[in-house]
Amino acid sequence: MRYSRCSPMSKPVTPPDALQSGAAAHHRALESLYRAAPINALFPSTLEITGDGHARIRFEVGPEHYHAGGAVHGTAYFKMLDDAAFYAANSLVTDRFLLTTAFNLLFTKPLKRGPVTAEGRWVSGKRRVFVADARLIDADGEEAARGTGTFMRSGIALSGLPGYRPA
């Protein structure tokens, strides 16, 4: 066994590029996991993990998502906001799948047909429970809704999920 020469006070340092490639591989694997989820056949969308604690999902909503009043139903708002906040939080957890334990929604504007972007960001927590928020931006660049969720580590290993493929 070989030992590196370092003083007893120094600690080995991992090069920043090695950490970045590990995080980037995890982010791409989460994006793959998202694409593999059957529910997304009902919500045409793409996920981009833009960095640790940040996620962006682009959706296309249309009449198939409308309630009887002719605007996007609240279930679609929840789906978009929950996904963005969830992936922002799970971008910080490399071993376990997180579960949503609570989610609060604020509707600020009805959505109609067109592109919608959900932007999620981690707010707090790094061990067992995570808090993340998200907002929906319509095609005109206006906020249509926002939400905050809490997410807990589950017993489900990410590595065992179909679709989670680290680069």
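Rules used throughout
Residues numbered from 1 in each chain as written. Predicted model: local features only at pLDDT ≥ 70, side-chain atom pairs only at ≥ 80, totals over all residues. Heavy atoms only, no water. Helix = DSSP H or I, 4+ residues; strand = E, 2+ residues; numbered from the N terminus. Buried < 20%, exposed > 50% of the residue type's maximum accessible area, 1.4 Å probe, protein only. Contact = heavy atoms within 4.5 Å. Areas by Shrake-Rupley, 256 points an atom, 1.4 Å probe, with all protein chains shown as cover. Polar contact = N/O pair within 3.5 Å; in protein donor to acceptor, adjacent residues only side chain to side chain.

(A) Region of the structure containing the overall build of the protein chain. On a plain count of helices and strands, the protein chain comes out with two helices and six strands. Seen in sequence order, the protein chain has helices and strands lined up from the N terminus as α-β-β-α-β-β-β-β. By residue count, 38% of the 167 residues in the protein chain fall in the buried class. Intrachain contacts of the protein chain at a sequence separation of at least 6 include 65% that bridge at least 24 residues. Accessible area of the protein chain: about 9,800 Å², with a carbon and sulfur share of 57%.

(B) Structural view of the side chain of N90. Counting through the fold element by element, N90 comes out in helix α2 (residues 74-90). Here L98 takes part through its backbone nitrogen, which lies 3.0 Å from a polar atom of the side chain of N90. With residues near it in sequence (within four places) discarded, N90 still touches H26, L30, R96, F97, L98 and L158.

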